[in-house]
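Descriptive analysis of the structure
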Amino acid sequence: GYGCGDTLTDSVFLYPKPNAAFINTDRCEPEAYLPIDTSSVANAAGAVINGWHWDFGDSYTSTTQNPSHNYGLPGSFGVVLEVTTNHGCRDTLVQVMNYNHKPQAAFSWPTNCWPQAAIFTDGSTISGSFLDEWHWDFGDGNTDTLQNPSHAFTIADTYAVALIVTSSEACRDTLVQSMVSNPKPVASFEVPLRCMPAALLFQNISTVGTG
């Protein structure tokens, strides 16, 4: 009632909030998941990010800025990154990472006799997806992208035939096998001159390059 008063003036500083961000790339088993932190904070009052907390969506966590993580099984996982500044300000980002099945390359061929074309049969498999591409390298400078190709080799020899299969999620597997294109035998025989009534003697002189 006497008109008395008091005033207090003080400074209040609002510290900047960080922006959580990271590069998220789908992976193929058994590759490690390698997220890259790209979080940022405004350059004010000496603010810096000094804390990272990752939750990989499968009960595993990390406090490393750029961690590495191996998932046990393929699937889709919600990856969470929480970043903290030296002033205690926080931000969180969630991204979905797909850990995809890897195909299993396999192929076979029947016994081949040169100069017949060799016929290759794809036997590759994959779970939870489907195969999208086939790339064959016949080991003689020739290639093909058919699933079940045939190929005529120029000479009888042993070739390292490679098959690379790719899934619809761009996961790959490679198999290399040694394939023999067998030389064709050359049939021949001779009959020495004989005088009757002696029996004729036929002598086999057939040849083959190898085998």
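So, here is what we can say about the structure in this document.

Each value, and the rule that gives it
Residues numbered from 1 in each chain as written. Predicted model: local features only at pLDDT ≥ 70, side-chain atom pairs only at ≥ 80, totals over all residues. Heavy atoms only, no water. Pairing = 2+ DSSP bridges. Helix = DSSP H or I, 4+ residues; strand = E, 2+ residues; numbered from the N terminus. Salt bridge = Lys/Arg side-chain N within 4 Å of Asp/Glu carboxyl O. Buried < 20%, exposed > 50% of the residue type's maximum accessible area, 1.4 Å probe, protein only.

The next thing to look at is the pairing of strand β12 (residues 131-137). Side chains on a regular strand alternate between the two faces of the sheet. Note: β12 against strand β15 (residues 158-167), six bridges, orientation antiparallel. Looking at the pairing, W134 lines up with V165 of β15. Judged from the two bridges that link them, β12 and strand β13 (residues 143-144) form a sheet pairing that is antiparallel. Residue D137 lies in a different strand from β13, and its bridge partner there is T143. The antiparallel hairpin formed by β12 and β13 contains five residues in its connecting segment, where G139 sits at a positive phi of about 80°.

Turning our attention to the pattern of salt bridges. Taken as a whole and judged by the stated rule, the model has four salt bridges. A salt bridge links D91 to K17; the nearest nitrogen and oxygen atoms lie 3.8 Å apart. Of the two residues, D91 sits in strand β7 (residues 90-100) while K17 sits in the segment before β1 (22-23), which places them 74 residues apart along the sequence. By relative accessible area, which is 15% here, D91 ends up buried. By relative accessible area, K17 is classed as exposed at 57%. The closest approach of N and O atoms between R27 and E31, which form a salt bridge, is 3.7 Å. E31 gets classed as partly exposed once you look at its relative accessible area, which sits at 35%.

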